[in-house]
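# Fold and contact review
Next come the chains, spelled out residue by residue.
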Amino acid sequence: MTMTMDGATQARRWYRQRISAMVLALCVLVHLVTIIYAVRSGLTAEALLARTRGNIAFAAFYAVFVLACAVHVPVGLARIGEEWLGLRARAADAAANVFALVIVVMGATAVYAMVHG
Amino acid sequence: MRRRVEARAHNHAAWWAYIVHRVSGVLLAVFLPLHFWALSTALHGDAALDGFLRFTDRPLFKFAEWGLVVLLALHMTGGVRLLLIEFRPWSGLRKNWIAAACGAGIAAGLAFALALVR
Amino acid sequence: MPMLQVSIWRGREQGGYVDYEVPRHASQTVLDVVTHVQRHLEPSLAYRFACRVGMCGSCAMSVNGVARWTCRTHVADVAVGDRLQVAPLANLPVVKDLVTDMREFFDKWARAKGTFQSRRTRDDDFARVPPSSPARKLADAGIECIGCGVCYASCDVVAWRPDFLGPAALNRAWTLVNDERDIAQHERLRAVAGDAGCHACHTQGSCVERCPKHLAPAAAIAGLKRVTARAAMRGKL
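Residues numbered from 1 in each chain as written. Chains lettered and ligands numbered in written order. Predicted model: local features only at pLDDT ≥ 70, side-chain atom pairs only at ≥ 80, totals over all residues.

With that out of the way, let us pick up the overall build of chain A. Within chain A one finds 4 helices and 0 strands. Reading chain A from its N terminus to its C terminus gives the helix and strand order α-α-α-α. Whereas a compact globule of 117 residues would reach a radius of gyration of roughly 13 Å, chain A reaches 17 Å, over 25% beyond that. Projected onto its principal axes, the C-alpha coordinates of chain A cover approximately 55 × 25 × 25 Å. Burial status across chain A gives 30% buried among its 117 residues. A separation of at least 24 residues holds for 75% of the contacts in chain A among residues at least 6 apart in sequence. (Helix = DSSP H or I, 4+ residues; strand = E, 2+ residues; numbered from the N terminus. Rg over C-alpha atoms; globule rule 2.2 N^0.38 Å. Buried ≥ 20, exposed ≤ 12 C-beta atoms within 10 Å, placed from the backbone. Contact = placed C-beta atoms within 7 Å.)

Across its full length, chain B carries 4 helices and 0 strands. Order of helices (α) and strands (β) in chain B, N terminus to C terminus: α-α-α-α. Computed over its C-alpha atoms, the radius of gyration of chain B comes to 18 Å, more than 25% above the 13 Å expected for a compact globule of 118 residues. Burial statistics for chain B: of 118 residues in total, 32% are counted as buried. Excluding contacts between residues fewer than 6 apart, the proportion of contacts in chain B whose partners are at least 24 apart in sequence is 70%.

Let's shift gears to the nonpolar core. With 84 residues, the main nonpolar core has V6, V33, V86, L170, A173, V192 and L224 of chain C as its most contacted residues. Of the residues forming this core, the biggest block, 9 residues, is contributed by helix α10 (residues 217-233) of chain C. Among the domains, domain 1 (3-100) and domain 2 (103-233) of chain C are the pair contributing at least three residues each to this core. Excluding residues that lie within four positions of it along the chain, V86 of chain C makes contacts with V6, I8, W9, V30, V34, M61, V63 and L98 of chain C. Counting 34 residues, the second-largest nonpolar core is a separate cluster that includes L24, V111 and M114 of chain A together with A73 of chain B. (Core = buried A, V, L, I, M, F, W, Y, C linked by C-beta atoms within 7 Å. Domains from an automatic or database assignment.)

Counting from both sides, the interface comprises 30 residues of chain B and, opposite them, 29 residues of chain A. Listed by contribution, the elements that provide at least two residues to the side of chain B that touches chain A are α1 (13-40), α2 (46-55), α3 (59-87) and α4 (95-117) of chain B. Broken down by element, the side of chain B that touches chain A gets its largest block of residues, 10 residues, from α1 of chain B. Broken down by class, the residue content of the side of chain B that touches chain A amounts to 22 nonpolar, 3 polar and 5 charged. (Nonpolar A, V, L, I, M, F, W, Y, C, P; charged D, E, K, R; others polar.)

Bringing the interface of chain C and chain A into the picture now. Facing 14 residues of chain C, the contacting portion of chain A comprises 11 residues. Element by element, the count of residues in the side of chain C that touches chain A is highest for α10 of chain C, at 5 residues. For the side of chain C that touches chain A, the residue count by class is 6 nonpolar, 4 polar and 4 charged.

All names here are of chain C. Examined bridge by bridge, strand β1 (residues 3-11) and strand β2 (residues 15-23) share 9 bridges and lie antiparallel to one another. Looking across to β2, one finds that Q5 is bridged to E21. The turn joining β1 and β2, which pair antiparallel and follow one another in sequence, is formed by 3 residues. By the bridge criterion, 4 bridges tie β1 to strand β5 (residues 83-87) in an arrangement that is parallel. Its bridge partner lying in β5, Q5 is registered against R83. (Pairing = 2+ DSSP bridges.)

All names here are of chain A. For the pair helix α1 (residues 7-41) and helix α3 (residues 56-83), the least separation of the axes is 8 Å and the interaxial angle reads 135 degrees. With respect to their mutual orientation, α1 and α3 come out oblique. At the point where α1 passes α3, the crossing takes the left-handed sense. Residues R13, R16, Q17, S20, A21, V23, L24 and C27 of α1 pack against V64, F65, A68, V71, H72 and V75 of α3. Taken together, the residues that form the contact of α1 with α3 break down as 9 nonpolar, 3 polar and 2 charged. (Axes fitted to C-alpha atoms, helices over the stretch in contact; angles between N-to-C directions. Parallel < 35°, antiparallel > 145°, perpendicular 65-115°, else oblique. Left-handed = near helix turned anticlockwise from the far one by under 90°.)

All names here are of chain C. Along the chain, A196 turns up in the loop between α8 (185-192) and α9 (206-210). For the pair A196 and V158, spaced 38 residues apart in sequence, the C-alpha to C-alpha distance is 9.5 Å. Non-local contacts of A196, meaning those with residues more than four positions away in its chain, are made with D163, F164 and L165.

Moving on, we come to the sheet that holds β1 of chain C. All names here are of chain C. Taking strand neighbours across the sheet as the criterion, the 5 strands line up as β2-β1-β5-β3-β4 in an open arrangement whose pairing is mixed. Either end of the sheet is taken by a strand with one partner, and the two such strands are β2 and β4 (66-69). Pairwise comparison of adjacent strand axes, ignoring direction, gives a mean angle of 35 degrees for this sheet. Note: strand β3 (residues 60-63) against β4, 4 bridges, orientation antiparallel.

Next up on the list: α4 of chain B. Residue pairs three or four apart in sequence face the same way in an α-helix, which turns once every 3.6 residues. Taking 1.5 Å of rise per residue, 23 residues should cover 33 Å, and α4 of chain B covers 33 Å from first to last C-alpha, within 8% of that figure. Looking at α4 of chain B, one finds that the buried residues are A101, A104, G105, A108 and F112 of chain B. Against α1 of chain A together with α3 of chain B lie the buried residues of α4 of chain B. (Expected span 1.5 Å × (residues − 1).)

Here the focus is the packing of helix α4 (residues 89-115) of chain A against α1 of chain B. Between α4 of chain A and α1 of chain B, the least distance of the axes is 8 Å, while the angle of their chain directions is 30 degrees. As the angle between them shows, α4 of chain A and α1 of chain B are arranged roughly parallel. Here the hand of the crossing between α4 of chain A and α1 of chain B comes out left-handed. Mapping the contact onto sequence places V102, I103, M106, G107, T109, A110, A113 and M114 of chain A in α4 of chain A and L32, P33, F36, W37, L39 and S40 of chain B in α1 of chain B. Counted by class, the contact of α4 of chain A with α1 of chain B contains 11 nonpolar, 3 polar and no charged residues.

Here we take up the confidence of the model for chain B. Across chain B, the average pLDDT comes to 96, with 99% of residues at 70 or higher. Across the whole predicted complex the pTM is 0.96, and at the interface the ipTM reaches 0.94. (pLDDT = per-residue confidence, 0-100.)

Now the structure itself:
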């Protein structure tokens, strides 16, 4: 089996994924509250954008959220790729890196869209 | 082909916690690009985002959103359990946290449903 | 005389369940049942046991799909009505019937550097290790493993990844990581890091749930994750 990662790299990857998990635990808590609040206030573009347009704090928070997702999500997907879809380590890692890029690009676009428009 | 671990051997709380964590993670991961794309419609003006929000203001979408909120709460609380297992002194499989995850899922689901109904 | 209907796996990986009818007694164990079949009904049935009192781990088998010590499993606790199913442990090659080839299990023990290495000789004084020291407590929590294979046979990751060292080997490695006398620490950390090692574990917890000695390989693996991460982040792995 081709190992693209040695033990040390795996260990670092594990550590970064767990640190991002800690960041996400806080982000998700805030986000869940935000979701409930947003739904109660009514899900219209007017209501949402009134709160997010020009909101630097919003931008900063969700930028951190997006970056944490980009670190956290692909690792889990790569494992599932290897264990359940039979992908080789190389292919799973490549797919994971692509997904990380997708999260960063699309996430940054979403934050920009909501804050700047 | 040697014998595999049977489904009957999976019938314990920590294994269910694992499968819920994995499945919720995959579903949330699949949802994420869709979520970002939806918010990006705001790039084309407020009306574009509003159009999307109106389109999704129907029972099927609200049910999906409700499901995602529940999955998010489950995944996060289950994840905190794993962080405790991995970083704090060992105190068993922390089944109290499995219960807490179920509670968080129920709470999030209820809160979202009530917010919708208002 | 109440009877028990027991289905026992016959053959190797290719094979099938064969049904036997066995007299049912109070306080009967699954090992009692298998022994009765071999002595009175089917002399060619192959199975392993030794101490029959829950000390050696030789009698580990799959009972109704769950890995157990058959000498310590009461029929009354596991029979579904009057039915029982006995098979060899999962995740291991089958030699015959209920007997598995345990070589890979012990090979992985060695690959995880699960053997103690010391600089001292018989001419040196004893090492003085306080039993209450934190590291010694961590080691002591895992040293009672007798290598029965139940955890190995219960782990999905072992089934998915043929190279995965498994819960018992990693548990043993952890006891030695915490042994201040051991001098093979660096090689051991290298051996247990990566997908063959601790990083493949998803904390499913079946090892903890099934260990007949109530050990916690998942705890050991979590510890290995921490120690390997610390070493790797410092460029020392």
